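Below are the chains, spelled out letter by letter.
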Amino acid sequence: MKANWEKTENNRGVLTVEVDEQKFSKALDQAFRKVVKNVNVPGFRKGKVPRPIFEKRFGVESLYQDAVEIVVPEAYQAAVEETGIEPVDQPEIDIDQLEKDKPFIFKATVTVKPEVKLGEYKDLEVPEKDFSVSDEDVEEELKKMQERQGELVVVEDGQVEEKDRVMIDFEGFIDGEPFEGGQAEKYTLEVGSGQFIPGFEEQLVGMKPEEEKEITVTFPEDYQAEELAGKEAVFKVKLHEVKRMRLPELDDEFAQDVSEFDTLQELKDDIENKLKEQKSQDEDNYKRNTLVEKAAENAEIDLPEVMVEHEIDHMLGHFEQQLQMQGVTLDQYMQFTGQEKSTIREQFKEDAEKKVRANLVLEAIAAEENVEVDDEEVDQELKKLAEQMGREEEEIRKLLQAQGGVDQIRDELKIRKTVDLLVSNSKNAA
C-alpha cells in the first residue's frame, strides 16, 4: 500500500491511497463469497454458483462496491498512521482507479487537527480575586438548608405570590381561535420560574383559588413556532390550588434536625469551614482556568469548524441529560423558551470554541515541555477511581480497558500535569 498526504487549504487536505492489485483481488474474493449466498442461477443451488459463471452473468463490476467497502476502512486507517495525520472528521472518499488486475486508488479529503503556534505561556499573571467567606455567605447557605427542610402547604385563603406553586387550567387563543399546544389542565407551575412566555407568570400574582382570569401576552419575535412568533395571545386561566413553602425556625432544634450539632452556632461554624474549603478549591480552579485561557489567547490556531461543531454536540448532549434529570425533554424546553435547536447551539458556540482552543494549546504545551504520564501515575488514578466507586481496582481497570478508558485517563492526567506546569511557572506561583 502507498499513501501520500497533500495539504490543500487551512486544515484540509487530500490523502491519496493506492492498494495493490493482489490485496484488492482478495477483497473481490470476499465480496463474491458474501454476494453469492443470495444469488439464484438456474442449474445451481442457491449460493453455489461458480465464480466464472457469476462474473459472466453479472460482471465482475457487480462486486466492486462490496470490495471497496471491505478495503477502504482498513486502507484508510493504515494510510493515516503511515502519514502521521490526525483527522478530526469523517473523510470524503472519491474513487480514482477501480479496474480488475490494477491497483485500487482512492482519495480521502479530510480535515485534520490544526497546527498550534504557541505564544507566551510562562510567567503569566492571574488577576487578584476575593475568595474570602463572609457572614452573608454563611447566612445564604443556611437559608438554602432551611428551604430544603421547608414544606409545601396549601394556601386556603390568600393570593398568589412569587415562588408559589400553582395548579392551573389554561387555554390560549389568537384572534379568538385556539392554537395547538396552548392548552393544559391541572398544570403545576412555580410562579417566577420563567417556564412560560414572558409576562404570563407575572399576571398570576394576586389571583385567588378558583378564580378565573384572562391573561394577555405577546409571543417573542424569535419564538420557535413561526406561526406564533410576535403574535398577541389571550389565555383563559383558572386557578385550582396554591401551595407555599413553610420554613422551619432557625434555632438549635433546627441544627439538631439537619446535622450532628447541638446548637445553631455550631452548625454555622461548620458551614463556614466547609465554605472555606470550597472557596479554596474555587480559587485554585480560578487560577488554573485563567492561566489556560491566557495561554490559549496567546496562541495562534486556525480552528476547524468541524471540531467546534463536535464540541457543541457534546455540550448539547450534556445539557439534554441535565434537563432529563429535571423531568424535562429538550423539545419541551424549546417550547417553553420559544427557542429553536439552532439558537441553543449558537449559545454554546463561544464556550465550545474556547474549550477546543484550550485543549489544542494544552496538547501543544505538553509536547513542547515533554510532559509524560507513566504507568504508576495511571495506576494511582485507577486506585482513586476504584475507591470512589467502591469497586475493586482490577475490576475498574478491565472495564475501562474494554472501553478505551485507560488511555483517556492517561490523556486527562497529561492535561492536568500541563496545567500544573502553567501554575508553577506563573507570576502568582508561591
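Coordinates for the structure precede this section.
Residues numbered from 1 in each chain as written. Predicted model: local features only at pLDDT ≥ 70, side-chain atom pairs only at ≥ 80, totals over all residues. Heavy atoms only, no water.

### Things to note about the packing of aromatic side chains
Step number 1: In total, this model carries 18 aromatic pairs according to the counting rule given.
Step number 2: Ring centres 5.8 Å apart and planes at 70° place the aromatic pair Phe319 and Phe348 in the edge-to-face group. Here Phe319 is found in helix H7 (residues 305-325), whereas its partner Phe348 is found in helix H9 (residues 341-368), with 29 residues between them in sequence. With respect to class, Phe319 is no different from Phe348; both count as buried.
Step number 3: Through pairs of rings, three or more aromatic residues link up here, namely Phe170, Phe179, Tyr187, Phe196, Phe200, Phe219, Tyr223 and Phe235.
Step number 4: Over the aromatic face of Phe173 sits the side chain of Lys236, whose NZ or CZ is 5.2 Å from the ring centroid. (Phe/Tyr/Trp six-rings, centres within 6.5 Å; stacked < 30°, edge-to-face > 60°. Helix = DSSP H or I, 4+ residues; strand = E, 2+ residues; numbered from the N terminus. Buried < 20%, exposed > 50% of the residue type's maximum accessible area, 1.4 Å probe, protein only. Lys NZ or Arg CZ within 6 Å of the ring centre and 35° of its normal.)

### Looking at the pairing of strand E7 (residues 165-174)
Step number 1: Bridge count for E7 against strand E8 (residues 177-190) is 8 bridges, and the pairing is antiparallel. Paired with Ile174 across the strands is Glu177, a residue of E8.
Step number 2: Linking E7 to E8, which pair antiparallel, is a turn of 2 residues; within it Asp175 sits at a positive phi near 55°.
Step number 3: The pairing of E7 with strand E10 (residues 232-246) spans 9 bridges and is antiparallel. Each bridged residue has a counterpart across the sheet, and for Asp169 the counterpart in E10 is Lys238. (Pairing = 2+ DSSP bridges.)

### Remarks on the sheet that holds strand E4 (residues 104-111)
Step number 1: Strand order in this open sheet of 4 strands is E1-E2-E4-E3, and the pairing throughout is antiparallel. Only two strands of the sheet have a single partner each, and these edge strands are strand E1 (2-9) and strand E3 (92-97). Looking at each pair of strands side by side, their axes are set apart by 20° on average, direction ignored. (Axes fitted to C-alpha atoms, helices over the stretch in contact; angles between N-to-C directions.)

### Remarks on the environment of Glu212
Step number 1: Considering the arrangement of structural elements, one finds Glu212 in strand E9 (residues 212-218).
Step number 2: Expressed as a C-alpha distance, the spacing of Glu212 and Lys294, which sit 82 residues apart in the sequence, is 57 Å.
Step number 3: Leave out the neighbours within four places in its chain, and Glu212 touches Met207, Val237 and Lys238. (Contact = heavy atoms within 4.5 Å.)

### Remarks on the environment of Lys37
Step number 1: Of note, Lys37 is situated in the loop between helix H1 (21-35) and helix H2 (51-58).
Step number 2: Along the chain, Lys37 and Lys48 lie 11 residues apart, while their C-alpha atoms are 7.5 Å from each other.
Step number 3: With near-sequence residues (within four places) excluded, Lys37 lies in contact with Lys46 and Gly47.

### Focus: the pattern of salt bridges
Step number 1: Considering all chains together, one arrives at 28 salt bridges under this definition.
Step number 2: One salt bridge connects Arg410 with Asp375, and the closest N-O pair in it is separated by 2.9 Å. Taken together, the residues Arg410 in helix H12 (residues 405-424) and Asp375 in helix H10 (residues 375-389) connect sequence positions 35 residues apart.
Step number 3: Here Arg416 ties to Glu381 by a salt bridge, and the two come within 3.4 Å at their closest N and O atoms. Of the two residues, Arg416 sits in helix H12 while Glu381 sits in helix H10, which places them 35 residues apart along the sequence. (Salt bridge = Lys/Arg side-chain N within 4 Å of Asp/Glu carboxyl O.)

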